[in-house]
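Coordinate inspection notes
Spelled out from the first residue to the last, the chains are:
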Amino acid sequence: MTDYDYDLFVVGAGSGGVRAANLAANQGARVAVAEVRHFGGTCVNLGCVPKKLLVYAAQFKDDFAAAAGFGWTLDNASFDWPSLIANKNREVERLQAVYQHHLQQSRVTIFNGKVQLLDAHTVAVAGAQCTAKRILLATGGWPFVPDIAGKEYIVTSNDMFSLDKLPERIVIVGGGYIAVEFASILNSLGVDTTICHREPKLLAGFDEDIRDFLATALRKQGIKILFDCDVQSIAAAGDAYNVRLLNGNTMVTDLVMYATGRTPNSRGFGLEQLGVALDDNGAIIVDSHYQTNLPSIYALGDVTDRVNLTPVAIAEGEALVNSLYAMQQRPVDYANIPTAVFCQPNIASVGLTEAKARQQYTDIDIYKTEFKPLKNTLSGKDENTLMKMVVDHATGKVIGLHMVGADAPEIIQGMAVAMRAGATKALFDSTIGIHPTAAEEFVTLQQVGT
Ligand code: NDP
């Protein structure tokens, strides 16, 4: 029997890699993890966590505006970006330390440095060479920026978390999660914000009603949205930039941010030389057990470019380790994964959109409501909430839930459990609401169509 230095060598200390490393070590495996950048990966450092902190900062604008309607007088409220970033950095550093601490507690060996795969069982990292029975690649992704003239002037979400100061004007290219979230944050923090998106609607893949409602809500807040808009080139113009569009128009702005998707981090550490199969986008191809075409090499999370969400990477890490070291087959159920976009207003969804449901079911029923939330009766804010339910007519089962409005992610998280448990519309209806809440509308929804 070959004697390896480790049972499992994990490349990448993001959400999925760290969960797999800790769990495997706790099962008695000898585990090492290598990280080239920061512990916690995208989620902790350049994604979910710092983004949500910026979202909280941005929401104060609405809260201050609403306060007067509730009898408060707020004088001289002002915002200081460097303070927010310094406080955010402190929290991120705390979390990085927590991640490292948990690994140490689990007796995982930590390497700081870039890994090079030498063969199917050997890695070189930080001047050392180690062998492992299995190697797990959990290297995540990185913002993708298309090749256009002036690419060097573009910033991505990675840069937004450490800007010295906020720009007066920004053009955000893209219409997905990151474009919409950052547009909301920056607009609320006083930046003149324009979204430039190549499609006629934001948020591909979301329910059409949600997409339409969102564009209206964002525009009401003052965000400019240019649909069917493609950038041809970007040129520096003093301290600003001229953004030339394919339709011949030009915009002048202080910052151009691209949020045009992410590329798997699969290049430059020896995968191609070893013959690990990648798809056209560079994603590592794995089977249902996260195994690549080289049996000792596994991959999970964003580097496999399937469902690029932190909780999914964590679930994949757990499923892999349970099957390898605990002899328990608990595969990840990829159906009905709830998701949220932390724009203002929040969006959250689980299950099928109306369009997808129509493709998969013979008859569906649509329930929908749009209403002014109670808080907005005094706050004066001109923003409604939208809720939508898609039901399989034959069984009465709820197969899709969608919401735009305050706390939508908090509400949909609970609804997702009910939906996954097979709840029917009748079960929702027989559930007593909590009054007065927005969530209670989900148990009193009226049919609007079939
Ligand atoms: P998305 O895939 O969500 O959106 C990318 C956007 O960029 C799409 O609107 C796409 O348009 C557009 N686009 C792609 N290529 C080009 C191009 N060459 N020129 C112009 N536009 C282009 O990616 P994001 O970068 O917003 O986010 C990456 C992923 O990170 C998300 O998909 C999600 O999985 C995850 N994420 C999750 C969050 C959450 O859970 N709240 C928050 C942030 C990110 P088109 O629709 O035409 O392809």
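For the structure, see preceding data.
Now for a look at the structure at hand.

Another point: the overall build of the protein. Looking only at helices and strands, the protein features 13 helices and 22 strands. A compact globule built from 450 residues should have a C-alpha radius of gyration of about 22 Å, and the protein, at 24 Å, falls within 12% of that. Along the longest, intermediate and shortest principal axes, the C-alpha atoms of the protein span 70 × 65 × 45 Å. Within the protein, the fraction of its 450 residues that count as buried is 50%.

It is at 8 Å that the axes of helix H3 (residues 48-67) and helix H6 (residues 177-188) come closest, and there the two elements cross at 40°. Taken together, H3 and H6 sit at an angle that is classed as oblique. The crossing of H3 and H6 is left-handed. Residue-level inspection shows Lys51, Leu54, Val55, Ala58 and Lys61 of H3 in contact with H6, the latter providing Glu181, Phe182, Ile185 and Ser188. Of the residues belonging to the contact of H3 with H6, the class tally is five nonpolar, one polar and three charged.

A word on the pairing of strand E4 (residues 116-119). Bridging between E4 and strand E5 (residues 122-125) involves three bridges; their strand directions are antiparallel. Its bridge partner lying in E5, Asp119 is registered against Thr122. Taken together, E4 and the strand that follows it, E5, pair antiparallel across an intervening segment of two residues.

Enumeration over the complete set of coordinates arrives at one disulfide. Between the sulfur atoms of Cys196 and its disulfide mate Cys229 the distance is 2.5 Å. Looking along the S-S bond of the Cys196-Cys229 disulfide, the torsion reads about -90°, which is the left-handed sense. Here the residue Cys196 occupies a position in strand E9 (residues 192-196), and Cys229 occupies one in the loop between strand E10 (224-226) and strand E11 (231-237), the gap between them amounting to 33 residues. Taken as a pair, Cys196 and Cys229 share a single burial class, namely buried. Cysteine Cys48 is unpaired, with the sulfur of Cys43 as its nearest cysteine sulfur at 3.2 Å.

This brings us to the site of the ligand. Around the ligand sit 20 residues, and of these Gly175, Ile178, Arg198, Glu199 and Ala340 come closest. In this structure, an oxygen atom belonging to the ligand sits 2.9 Å away from a main-chain N or O atom of Gly175. In the model, an oxygen atom of the ligand is placed 2.9 Å from a nitrogen or oxygen of the Arg198 side chain. Burial of the ligand by the protein chains amounts to 75% of its free accessible area of 910 Å². For the shell around the ligand, the leading source of residues is H6, giving three residues. In terms of residue class, the shell around the ligand is made up of eight nonpolar, seven polar and five charged.

All right, on to the nonpolar core then. If you look at the biggest cluster of nonpolar residues, it comprises 65 residues, and the most contacted ones within it are Met160, Phe182, Ile347, Met389, Leu401 and Phe442. Counting residues in hydrophobic clusters, the runner-up holds 29 residues, among them Ala13, Ala24, Val321 and Leu324.

This model, assessed by the stated rule, comprises six aromatic pairs. With 5.8 Å between their ring centres and 70° between their planes, Tyr177 and Phe206 make a pair best called edge-to-face. In this pair, Tyr177 is assigned in helix H6 and Phe206 in the loop between E9 and helix H7 (208-220), connecting sequence segments 29 residues apart. A relative accessible area of 32% means that Tyr177 is categorised as partly exposed. A connected cluster of aromatic rings, assembled from ring pairs, spans Tyr6, Phe9 and Phe111. Across the ring face of Tyr367, the terminal group of Lys425 is positioned such that the distance to the ring centre comes to 4.6 Å.

A few words on a nonpolar patch on the surface. Where nonpolar side chains cluster on the molecular surface, the patch consists of Phe60, Phe64, Phe70, Trp72, Leu74 and Leu378 and spans about 660 Å² of accessible area. Examined against the element boundaries, Phe64 turns out to sit in helix H3.

Before going further, it helps to spend a moment on empty space enclosed by the protein. This model, assessed by the stated rule, comprises two cavities of 30 Å³ or more. Lining the largest cavity we find Val55, Ala58, Gln59, Glu181, Ser184, Ile185, Ser188, Phe342, Cys343 and Gln344. When contributions to the lining of the largest cavity are tallied by element, the ones reaching two or more residues are H3 and H6. The leading source of residues in the lining of the largest cavity is H6, at four residues. When the residues that make up the lining of the largest cavity are grouped by side-chain class, the tally is five nonpolar, four polar and one charged.

Calculation notes
- Residues numbered from 1 in each chain as written.
- Predicted model: local features only at pLDDT ≥ 70, side-chain atom pairs only at ≥ 80, totals over all residues.
- Heavy atoms only, no water.
- Helix = DSSP H or I, 4+ residues; strand = E, 2+ residues; numbered from the N terminus.
- Rg over C-alpha atoms; globule rule 2.2 N^0.38 Å.
- Buried < 20%, exposed > 50% of the residue type's maximum accessible area, 1.4 Å probe, protein only.
- Axes fitted to C-alpha atoms, helices over the stretch in contact; angles between N-to-C directions.
- Parallel < 35°, antiparallel > 145°, perpendicular 65-115°, else oblique.
- Left-handed = near helix turned anticlockwise from the far one by under 90°.
- Contact = heavy atoms within 4.5 Å.
- Nonpolar A, V, L, I, M, F, W, Y, C, P; charged D, E, K, R; others polar.
- Pairing = 2+ DSSP bridges.
- Disulfide = S-S within 2.5 Å.
- Near = heavy atom within 4 Å.
- Polar contact = N/O pair within 3.5 Å; in protein donor to acceptor, adjacent residues only side chain to side chain.
- Areas by Shrake-Rupley, 256 points an atom, 1.4 Å probe, with all protein chains shown as cover.
- Core = buried A, V, L, I, M, F, W, Y, C linked by side-chain atoms within 4.5 Å.
- Phe/Tyr/Trp six-rings, centres within 6.5 Å; stacked < 30°, edge-to-face > 60°.
- Lys NZ or Arg CZ within 6 Å of the ring centre and 35° of its normal.
- Patch = residues over 30% accessible without salt bridge, like charges linked within 9 Å, V, L, I, M, F, W, Y side chains within 5 Å.
- Salt bridge = Lys/Arg side-chain N within 4 Å of Asp/Glu carboxyl O.
- 1 Å grid on protein atoms, 1.4 Å probe; cavity = no way out; pocket = protein on both sides within 12 Å on 5 of 7 lines; lining within 4 Å.
- Points joined across faces, edges and corners; volume = space filled by probe spheres on them.

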